[in-house]
Amino acid sequence: MVIYRISTDTEESGVLVNDRLFPGVPIGETSREMCLCYFAVPYQGKKDDISLYLWAKDRAENVTQGPFFYHIRKKRFRKDKIRISERLLDALISSFPAEIFEHDASSIEKYLFINRELRKTNSDELQEHCRSFIEERLWNGPWLRMKNAATMALFGDQRVYYYGGKIIDRSVHLGVDLASLARAPVQAANNGRVVLARDLGIYGQSVLIDHGQGLSTLYGHLNGIAVTVGQSVTKGEIIGNSGKTGLATGDHLHFGFLVHGVPVNPIEWWDSHWIKDNIEQKLRNIDNLIRK
Ligand SMILES: [Zn+2]
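Residues numbered from 1 in each chain as written. Predicted model: local features only at pLDDT ≥ 70, side-chain atom pairs only at ≥ 80, totals over all residues. Heavy atoms only, no water.

A. Seen up close, empty space enclosed by the protein. Inspection of every chain in the model, using the stated rule, returns two cavities of 30 Å³ or more. In this structure, the largest cavity encloses a volume near 100 Å³. Among the elements of the structure, helix H2 (107-131) and strand S19 (253-259) are those that each provide at least two residues to the lining of the largest cavity. Each residue belonging to the lining of the largest cavity can be placed in one class, and the counts come to six nonpolar, five polar and no charged. Empty space within the second largest cavity amounts to approximately 60 Å³. (1 Å grid on protein atoms, 1.4 Å probe; cavity = no way out; pocket = protein on both sides within 12 Å on 5 of 7 lines; lining within 4 Å. Points joined across faces, edges and corners; volume = space filled by probe spheres on them. Helix = DSSP H or I, 4+ residues; strand = E, 2+ residues; numbered from the N terminus. Nonpolar A, V, L, I, M, F, W, Y, C, P; charged D, E, K, R; others polar.)

B. Up close: the coordination of the zinc ion. Around the zinc ion, the protein supplies His173 (NE2), Asp177 (OD) and His254 (ND1) as donor atoms, at distances of 2.0 to 2.1 Å. Considered as a linear motif, the donors of the zinc ion on their single chain read H-x3-D-x76-H. You can see His173 sitting in the loop between strand S11 (166-172) and strand S12 (176-179) and its partner His254 sitting in strand S19, a full 81 residues away along the chain. Judged by its relative accessible area of 4%, His254 is buried. (Donors = N, O, S within 2.8 Å, 3.2 Å for Na, K, Ca; no water. Buried < 20%, exposed > 50% of the residue type's maximum accessible area, 1.4 Å probe, protein only.)

C. Layout of the sheet that holds strand S2 (residues 10-17). Read from one edge to the other, the open sheet built from four strands follows the order S3-S2-S6-S7, with strand pairing classed as antiparallel. Looking at strand neighbours, the two that pair on one side only are strand S3 (20-23) and strand S7 (63-66), the edges of this open sheet. Averaged over all neighbouring strand pairs, the angle between strand axes comes to 30 degrees, with direction disregarded. Bridge count for S2 against S3 is four bridges, and the pairing is antiparallel. By the bridge assignment, Val15 is partnered in S3 with Phe22. (Pairing = 2+ DSSP bridges. Axes fitted to C-alpha atoms, helices over the stretch in contact; angles between N-to-C directions.)

D. Quick peek at the pairing of strand S10 (residues 158-163). Bridge analysis of strand S8 (residues 79-83) against S10 gives five bridges, and the strand direction is parallel. In the strand pairing of S10, Lys81 is matched with Val160. Sheet topology note: the S10/S11 ladder contains six bridges and is antiparallel. Counted as the bridge partner of Tyr161 is Asp169 from S11. The turn linking S10 back onto S11 is made up of two residues, and Gly164 within it adopts a positive phi angle of 60 degrees.

E. Local environment of the packing of aromatic side chains. Within this structure, the stated rule accounts for 14 aromatic pairs. Between Phe101 and Phe113 the ring centres are 6.0 Å apart and the planes differ by 75 degrees, which places this aromatic pair in the edge-to-face class. Remark: Phe113 occurs in helix H2 and Phe101 occurs in the loop between helix H1 (86-94) and H2; sequence separation between them is 12 residues. For Phe113, a relative accessible area of 27% puts it in the partly exposed group. Three or more aromatic residues joined by ring pairs make a cluster, and in this case those are Tyr38, Trp139, Trp143, Phe257, Trp269 and Trp274. Stacked on the ring of Trp139, the Lys or Arg Arg137 has its end atom at 3.7 Å from the ring centre. (Phe/Tyr/Trp six-rings, centres within 6.5 Å; stacked < 30°, edge-to-face > 60°. Lys NZ or Arg CZ within 6 Å of the ring centre and 35° of its normal.)

F. Geometry of the sheet that holds strand S1 (residues 2-5). What the three strands build is an open sheet, ordered S1-S5-S4; its pairing is antiparallel. The open sheet has two edge strands, S1 and strand S4 (25-26), and neither has a second partner. As paired elements, S1 and strand S5 (residues 34-37) share four bridges and run antiparallel to each other. Looking at the pairing, Ile3 lines up with Leu36 of S5.

G. Representation of the nonpolar core within the structure. Ranked by size, the top nonpolar core spans 48 residues in total, and within it Tyr38, Trp143, Tyr219, Ile239, Val259 and Trp269 carry the most contacts. With four residues, S19 is the largest single contributor of residues to this core. Once residues lying within four places of it in the same chain are set aside, the contact partners of Ile239 are Val186, Gln187, Ala188, Val207, Ile209, Tyr219, Gly224, Ile225, Ala226, Val227 and Val233. Leu92, Tyr161, Leu200 and Ile202 belong to the second largest nonpolar core, which has 22 residues in total. (Core = buried A, V, L, I, M, F, W, Y, C linked by side-chain atoms within 4.5 Å. Contact = heavy atoms within 4.5 Å.)

As structure tokens, then:
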């Protein structure tokens, strides 16, 4: 997160991560001069290939960009082998409507369609939903992690799929899988507004919550949805129950955290110390600076 001041004629500003602009938002309601911007660096690739700049455009379309200090830490992600059996293949395919597949497609072609094309379509849909967001901060404190749930998969897991002893596909897991009891209640992890509550392909029955300032959370594979689009939710409110809809082999919750539509590791957002040190303390420092 970066906090910065803009001049009054600024029309658009934010952080450029390589070619992608993460928009900034005004911090307070009274002044639009002080802004903050949440941004995400890509999980793949080398850190030396990542460029970060503060970026702004004024009413006359003049563009300025400037550097800021940052440090990117190396992160290694796990590898996960997934063996696809004939039985699993049939079970997974049958949970999707037959009309999404080509007529003469084989089981494996159907599976690859789900894991590649549908996965990409769903990720694009999520990004599209996050393009318009609530500027105001609705969230408060750390996000909730599903109660009494075991972690089944981590963010960034590099999945390699085997079929008949051969590698047939690869994907990266862009959330955390949490399993509790079957059809366990799922809570809104923080205050926000529901922006999506429907079937979302590989994620099955899904809910997307906008927490403001470009932060949102995704709840996938639900068995039932208890909220509707446009509804305001408070932290802890039940939004549905867990299930295995979409591309899932067992009852679990796929919890995704998105920064302007870019999936990031949810772990830090569950951590009150991390929120305090990396967000609240910085906001307080800026507040003191302005008052002086
Ligand atoms: Zn998942």
